[in-house]
Amino acid sequence: MSEYLSVDASGRASSSNVHKLSGQPTPPSSTSTLLLQQRETALRKPHNLKREPLVFFIMRLNLKAVLLLLTVAVMVITLGIYMRCAAFSFSPDFVRQLSRRQTYDTLASSAAGQDLQSSPLQDIECAINQEYSIHCKRDENANEVYVPFSFLRQYFDVSGAVTTGGSSGSEAPKFNWMHSNAKVNLPKGKYDPRGVFMYFENYNVEVRDRVKCISAAEGVPVSTQWEKRGYFYPTQIAQFALAHYSKNLTEQTPRIHILEDADSNQMDWNTPKTSNMTRIWHHKFNTSIVQFETTIGYESAISIQLNQTQDLVLSVDLLLVTNSSSLMVTVLNRDTKHSYNLHYLAAELLLSVQESNIYYGLGAGSLNKWRHITRDLHIDLQKGIVMGDKRSPLKVRRSDLEVLSIAFLGIGFYDNITLSTSDHLAHFYDAAEWFVHNQDMKTGGWTNPVRRSLNGFAELRPGWISAMGQGHAISVLARAYWHSGGDMRYLKAASLGLQPYRIYSRDGGVLAQFMEKYYWYEEYPTTPASYVLNGFIYSLLGLYDLNSTAPGKIAREAGKLFAQGMHSLKKMLLLYDTGSGTSYDLRHLSLGVAPNLARWDYHATHVNQLLLLATIDSDPLIAQTAERWKGYMFGKRAKHN
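What comes next is a walk through the structure. (Residues numbered from 1 in each chain as written. Predicted model: local features only at pLDDT ≥ 70, side-chain atom pairs only at ≥ 80, totals over all residues. Heavy atoms only, no water.)

Description of helix H14 (residues 600-613)
Here is step 1: The terminal C-alpha atoms of H14, which comprises 14 residues, lie 20 Å apart, in line with the 20 Å expected from a rise of 1.5 Å per residue.
Here is step 2: For H14, a buried count of 12 out of 14 residues is recorded, marking the element as mostly surrounded by other parts of the structure.
Here is step 3: Where H14 is buried, its residues meet helix H11 (533-549), helix H12 (552-572) and helix H15 (620-632). (Helix = DSSP H or I, 4+ residues; strand = E, 2+ residues; numbered from the N terminus. Expected span 1.5 Å × (residues − 1). Buried < 20%, exposed > 50% of the residue type's maximum accessible area, 1.4 Å probe, protein only. Contact = heavy atoms within 4.5 Å.)

Quick look at helix H5 (residues 149-156)
Here is step 1: Restricting attention to buried positions, one finds in H5 the residues Phe149, Phe151 and Leu152. Considered in projection along H5, the buried side chains sweep an arc of 150° and stay on one side of the axis.
Here is step 2: Tucked inside the fold, the buried residues of H5 contact strand E3 (122-128), strand E4 (132-139), strand E6 (159-164) and strand E7 (173-178).
Here is step 3: In the stretch just after H5, Asp157 is the one whose phi turns positive, near 55°. (Arc of directions from axis to C-beta.)

Quick word on the packing of helix H6 (residues 234-250) against helix H9 (residues 467-483)
Here is step 1: Relative orientation of the contacting elements H6 and H9 amounts to 35°, with a least axis distance of 8 Å. The chirality of how H6 crosses H9 is left-handed. Within the contact between the two elements, H6 uses Thr235, Ala238, Gln239, Ala241, Leu242 and Tyr245 and H9 uses Met468, Gly469, His472, Ala473, Ser475, Val476, Arg479, Trp482 and His483. (Axes fitted to C-alpha atoms, helices over the stretch in contact; angles between N-to-C directions. Left-handed = near helix turned anticlockwise from the far one by under 90°.)

Considering the environment of Glu144
Here is step 1: Counting through the fold element by element, Glu144 comes out in strand E5 (residues 144-146).
Here is step 2: A relative accessible area of 41% means that Glu144 is categorised as partly exposed.
Here is step 3: Measuring from C-alpha to C-alpha, the distance between Glu144 and Leu121 comes to 9.6 Å, with 23 residues separating the pair along the chain.
Here is step 4: Residue contacts for Glu144: discarding those within four places in its chain leaves Lys137, Arg138 and Asp139.

Concerning the sheet that holds strand E17 (residues 351-354)
Here is step 1: Reading across from one edge, E13-E20-E15-E16-E18-E17 is the order of the six strands in this open sheet, with mixed pairing throughout. Of all the strands in the sheet, just strand E13 (302-308) and E17 have a single pairing partner and so form its edges. On average, each strand axis in the sheet is inclined to that of its neighbour by 20°, with strand direction left out of account.
Here is step 2: As paired strands, strand E15 (residues 326-333) and strand E20 (residues 401-409) are joined by eight bridges and run antiparallel to one another. Paired with Thr330 across the bridge in E20 is Ser405. (Pairing = 2+ DSSP bridges.)

Considerations on empty space enclosed by the protein
Here is step 1: For the structure shown, the criterion picks out two cavities of 30 Å³ or more.
Here is step 2: Size it by volume and the largest cavity reaches roughly 60 Å³.
Here is step 3: Lining the largest cavity are Glu206, Ile214, Phe240, Thr374, Arg375, Asp376, Ile379, Asp380 and His427.
Here is step 4: Secondary-structure elements contributing two or more residues to the lining of the largest cavity are strand E19 (371-376) and helix H7 (377-388).
Here is step 5: Looking at the lining of the largest cavity element by element, the count peaks at three residues for E19.
Here is step 6: Looking at side-chain class alone, the lining of the largest cavity contains three nonpolar, two polar and four charged residues.
Here is step 7: Composition of the lining of the largest cavity by domain shows at least three residues from each of domain 2 (200-242 + 429-571) and domain 3 (254-421). (1 Å grid on protein atoms, 1.4 Å probe; cavity = no way out; pocket = protein on both sides within 12 Å on 5 of 7 lines; lining within 4 Å. Points joined across faces, edges and corners; volume = space filled by probe spheres on them. Nonpolar A, V, L, I, M, F, W, Y, C, P; charged D, E, K, R; others polar. Domains from an automatic or database assignment.)

Following this line, the structure appears as structure tokens:
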């Protein structure tokens, strides 16, 4: 038998007997017997042992386990606090503002011994008319709820913006709330039919996106409002004319730089050897003109080099003899350092673009005919750039442009070349001539060559006449008649333009009747009648203009139609009042549908028109209604019952 010493779980030593021979127990020795007795005694009476101090028990614990438990506890507590606060987040602007506020509070508290604290904002759900909800903020201490302005803008049709006060931006930012961003133009005196038309000196028709270009053949805008290919829209052409007429009366006298008149002002033209340029006397005009002849190719062009940076309106008297003849102007964009060539050709072409070359057609009928051409090079360049890159066209600033050269190609004659800051009267008379040459001699109307669809009404087919277009055109022609010293062509066209006022819309005119009693001149001759307010008032102004400038019988006819319309306006005006704005038309009465509320810009037009009418008609209804409607633009509303 061999004896082995083992260690039990408590660390105490013990012995074990192992027989070399199997199955035969061996009696224990005296020593081993004593050890076994001591062990049994210890196992039978563990509760009789004296308890060890607590500090020794803690020391036996594993230090790593304690640290692990403490770490987990800290993480749980931190996560719980974060979950309670993380649902709320501030915008960057608010955080910056809060930081400035806290800094101010700290300084103020230190100086005055006071502790200034901001009330925390809490999330709150705002139920809108029990239909849907939006996210808002609540200040529980102040009993306030803050609604996002992005929601208010859409819900109440208002606008607003944050602005920084002072030129240096040192003042605190301010939020400007605007119930309407449209502008009311107060009349400067009694309306003058020979003077500024309403507030049209502020109009820039040619820069509108829905104007494709200014036709080089006609000198008037080409619209894309209802047809992308472009067409002549009488209302737009008249606004173009009235705007330039008004600008001519309100702006400073333009600066005019005479380049060549073949007499006292002559330029040193660059004439290649293969080309020829001579100044000759024109017996019919009783003045000298320039004759030119070049071979094919730009290198043979007769040209002058310039560096004009502000005078961008080109005027020239031009006669082209062959189809290959043209006028070319090179313009530099000093911002991008890119140059463009503007070509004016004797071709039936509206506008075409090939890389840096922009082409305008003067019309096939322009050959062998003298034409006075007035072109705003900035507008011609901008429209060409848009045509070449409709997705992201470059917006060119007028101040960035420089005229580098003017050149002539082919065979022809030219005279009176000028560059000026503006030539408003030339644009005005281009439009007046268009009305003279494009009037329907049977109906007296200026027709619209496109379809027009108004929701709920029968579609207007090409050839319809607008009372607004008629009134605008008559306003143009009345001024042209007066300003030209009595050119009868303008008076005759204006007089013939009265005819559609007497013909019902269903018969091709613009006349409608409300409740079979009040006569109305329709901007859109729909079935049933739509009774558009702003177009009707514009049609009245045309009648008033002609009544005030035309002689005898024509004046009386225009005056009678004007008085008839004013009577209807006074009887029907309040039908457009909604108590907080105005209706664009009366379709809610014609079709039995919801009112067609006027946008704020149209509402402002209603106000401006009434303010102008109040200067020529003393009926208090007009002035009082204008003031009430103006109040709507500042948030005022009609009283409740």
